[in-house]
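Analysis of the macromolecular model
Okay, here's what each chain looks like letter by letter:
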Amino acid sequence: MLKINNLCAKVGDNEILKGLSLEVKPGELHAIMGPNGSGKSTLAAVLAGRDLYEVTGGSVDLDGIDLLDLEASERAREGVFLAFQYPIEIPGVSNLNFMKAALNGKRAHRGLEPIKAKDFLEKVKECSSLVELDGRLRDRSVNEGFSGGEKKRNEIFQMAMLEPKLAILDETDSGLDIDALRVVSKGVNAMRSPERSFIVITHYQRLLEHIVPDFVHVLSNGKIVKSGGKELALELEEKGYDWLKEPSHDTSNA
Amino acid sequence: MSVFTDNFSATLPPPTRKSERWKYSPIAKLLNKEISISTEAAQGMNGWPESVLPNPVLNLDAYLVVFKNGVFEPTLSDLPVSDGVDCIPFSKMDQSGSLDFTNGYHQKEWIGELNETYRQDGLSLHVHRNVKVDRPIVIHHLTDGNNVASFPKHLIKVDEGGELNVVVWSSASDRSSGMYNGLLEASIGPNALLSLEKVCNEGGKVFHFSHEHIVQERDSKLKMHTFTIKGDWVRNELEIISRGKGTDSVFNGAYLPLGAEHVDNHTTMDHTSSDGTSSELYRGIMYGNSTGVFNGKVFVRPDAQKTNAFQQNTNIVADRGAAINTKPELEIYADDVKCSHGCTVGQFDLDALFYLKSRGIDEKAAKALLVEAFLADVLSSVSSTELCEEIMRLYTERHGW
Ligand SMILES: Nc1ncnc2c1ncn2[C@@H]1O[C@H](COP(=O)(O)OP(=O)(O)O)[C@@H](O)[C@H]1O
Ligand SMILES: [Mg+2]
């Protein structure tokens, strides 16, 4: 499904990704862990098409499509979804109008006509109950005045609405209490299917007790420095990340 | 068509950069000093260009008062005829119909002076005590022709407890050039309501000047909106004087100039009496090489205790070549007041744009959503949804969202 080969990216003169390779097959869930500042969010943003980051080398292939050649919106239409570490507040744009525009954008791409109002509302109901998103939040402006936990639930709600092929979750667990974590995990688990792949970025092992990964990778200094099964997460929890870092490239400062 | 031609530059020289109020809109170098003023009506649809509809807001059920090149056009108009509303164009007024209700406007600024000197026609509109006019009155001005000038002046008086909605809409055909100079004097009686929307949607190369002077009596309410949809060079002046206790003034504006267009909004809110509220919100998006000016003055005089005045001007500079000069001026002489103001100039929120795009919304649609959200607060107080939708439709059509 997804093949990342030797990906390099920078912001200004700051090289952040330094030759990152990763393959994700259909239905797999890969966890990416690593210290703060190692480049996890950058990887997520580069995959989603944020043009703030300049890709200086490597390739990303999604089911035969050169992802790097597409605009962010086109990538989303091809089935990429990013749940943001810090979801953006957009005053004045209602959550529902936002989702309708997004769904219809995707549908237009597949040659389908806009979704019927009734079908749309049914889908909204179904997906919001999945993450126990309050009806009032659906009607408000996008993320405006939402608590941290509500924002994260809204991300998973959007994921459920858009049914991506590849979902990238960037620290969806951060800032969640244990109940919210359970709700969000339940939503993610309900979305797992043999056709849908996940990249789950997290700083803590905690999330992976609820969302069980097929593989765990450690990102350090812009590269994957170790890969393993789900037991690797436990090992990291115990030992921390220091033992994996190459001392000469230690730039962690975050 | 009979035409009167004159050169005004010696008696009424246009302002230069040296005049503080015209510093960022120096008009003297741009303006053709010779003007041609038409003195006859357009003769119905015969004299009307196909590209502009006589009724600018088709879906709005309204009375219609049409002027072409400044002269009232009776065959295209539909004036209100009901008890308690006197709505008479000056050109149709007999000698006895004197204009005994000016609101005391005497300011001799360039726009007003020019208008006084060359005035051809205009509307006298009087709403009697406790009369609520059943439909909006749309005053539609068309400029059509080469180097033509029009100088309408409208007088509006709403007596105690009355209610009125007026839309002053100006159009110009694409082949037009010249000047539009419109003056409007309004007085709003105690407990009365005036909603006034001023829309400029002019093609061609017309210099658009307008000045509204509005006086509010106690407990009256004003809702004023100034929309610049299209206009090569536009200067809007709005002056509101709160002359009685407990007035409420809402005045908003929007401008989204393209290309090399210039839009200037000068507003003055003068609180001279106590317990008044004013809320001003102007928002603009500057595209291309356009230039803009916002200047908002708020005076709170010594007797205007317990005034609550809010002012905000928010701008997005969408393209590198565009620029806006914005300046709030607050002068407060009373101590027990609440005043807040803010002027900002920024760019489109790139984080928000990326967030929308990451969900599959393309750049154009994403920007349209952000623009709609940006304008929502300006539009929300417009008195009819039909007008609101038409304005948004015109912006959308013009910008290709
Ligand atoms: N927009 C940016 N401008 C400058 N530096 C950035 C930017 N985004 C990320 N970085 C830098 O890149 C490194 C990796 O950041 P990030 O991808 O957010 O790490 P992580 O998500 O693993 O904590 C950090 O050193 C960070 O300071
Ligand atoms: Mg991060």
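That block above? That's the structure.
Read on for a plain summary of the structure.

Reading guide: rules and limits
Residues numbered from 1 in each chain as written. Chains lettered and ligands numbered in written order. Predicted model: local features only at pLDDT ≥ 70, side-chain atom pairs only at ≥ 80, totals over all residues. Heavy atoms only, no water. Salt bridge = Lys/Arg side-chain N within 4 Å of Asp/Glu carboxyl O. Helix = DSSP H or I, 4+ residues; strand = E, 2+ residues; numbered from the N terminus. Buried < 20%, exposed > 50% of the residue type's maximum accessible area, 1.4 Å probe, protein only. Donors = N, O, S within 2.8 Å, 3.2 Å for Na, K, Ca; no water. Near = heavy atom within 4 Å. Polar contact = N/O pair within 3.5 Å; in protein donor to acceptor, adjacent residues only side chain to side chain. Areas by Shrake-Rupley, 256 points an atom, 1.4 Å probe, with all protein chains shown as cover.

1. Some remarks on the pattern of salt bridges
Counted under the stated rule, the structure contains 40 salt bridges over all chains. For Lys153(B), the salt bridge identified is with Glu185(B), shortest N-O distance 2.7 Å. In this pair, Lys153(B) sits in strand 9 (residues 153-158) while Glu185(B) sits in strand 11 (residues 177-188), placing the two residues 32 residues apart along the sequence. For the residue pair Lys153(B) and Glu185(B), the accessibility class agrees, reading buried in each case. A salt bridge links Lys367(B) to Glu363(B); its shortest N-O distance comes to 3.5 Å. Taken together, the residues span about one helical turn, with Lys367(B) and Glu363(B) both in helix 3 (residues 363-379) at a distance of four residues. For Lys367(B), a relative accessible area of 27% corresponds to the partly exposed category. The network of salt bridges with common partners includes Glu71(A), Lys357(B), Glu363(B) and Lys367(B).

2. Some remarks on the coordination of the magnesium ion (ligand 2)
Residues and elements named next belong to chain A. The magnesium ion (ligand 2) binds to the protein through Ser 41 (OG) and Gln 85 (OE1); the donor distances cover 2.1 to 2.3 Å. Highlighted residues: Ser 41 in helix 1 (residues 40-48) and Gln 85 in the loop between strand 6 (80-83) and strand 7 (90-94), separated in sequence by 44 residues. Note on Ser 41: relative accessible area 29%, which makes it partly exposed.

3. Some thoughts on the site of ligand 1
All names here are of chain A. The immediate surroundings of ligand 1 are formed by 13 residues, with Gly 37, Gly 39, Lys 40, Ser 41 and Thr 42 found nearest. Ser 38 is positioned such that a nitrogen or oxygen atom in its backbone is 3.3 Å from an oxygen atom of ligand 1. Between an oxygen atom of ligand 1 and a side-chain N or O atom of Thr 42, the distance comes to 2.5 Å. Within the complex, the protein chains bury 66% of what would otherwise be the 550 Å² of accessible surface of ligand 1. Listed by contribution, the elements that provide at least two residues to the shell around ligand 1 are strand 2 (14-24) and helix 1. At three residues, helix 1 tops the list of elements feeding residues into the shell around ligand 1.

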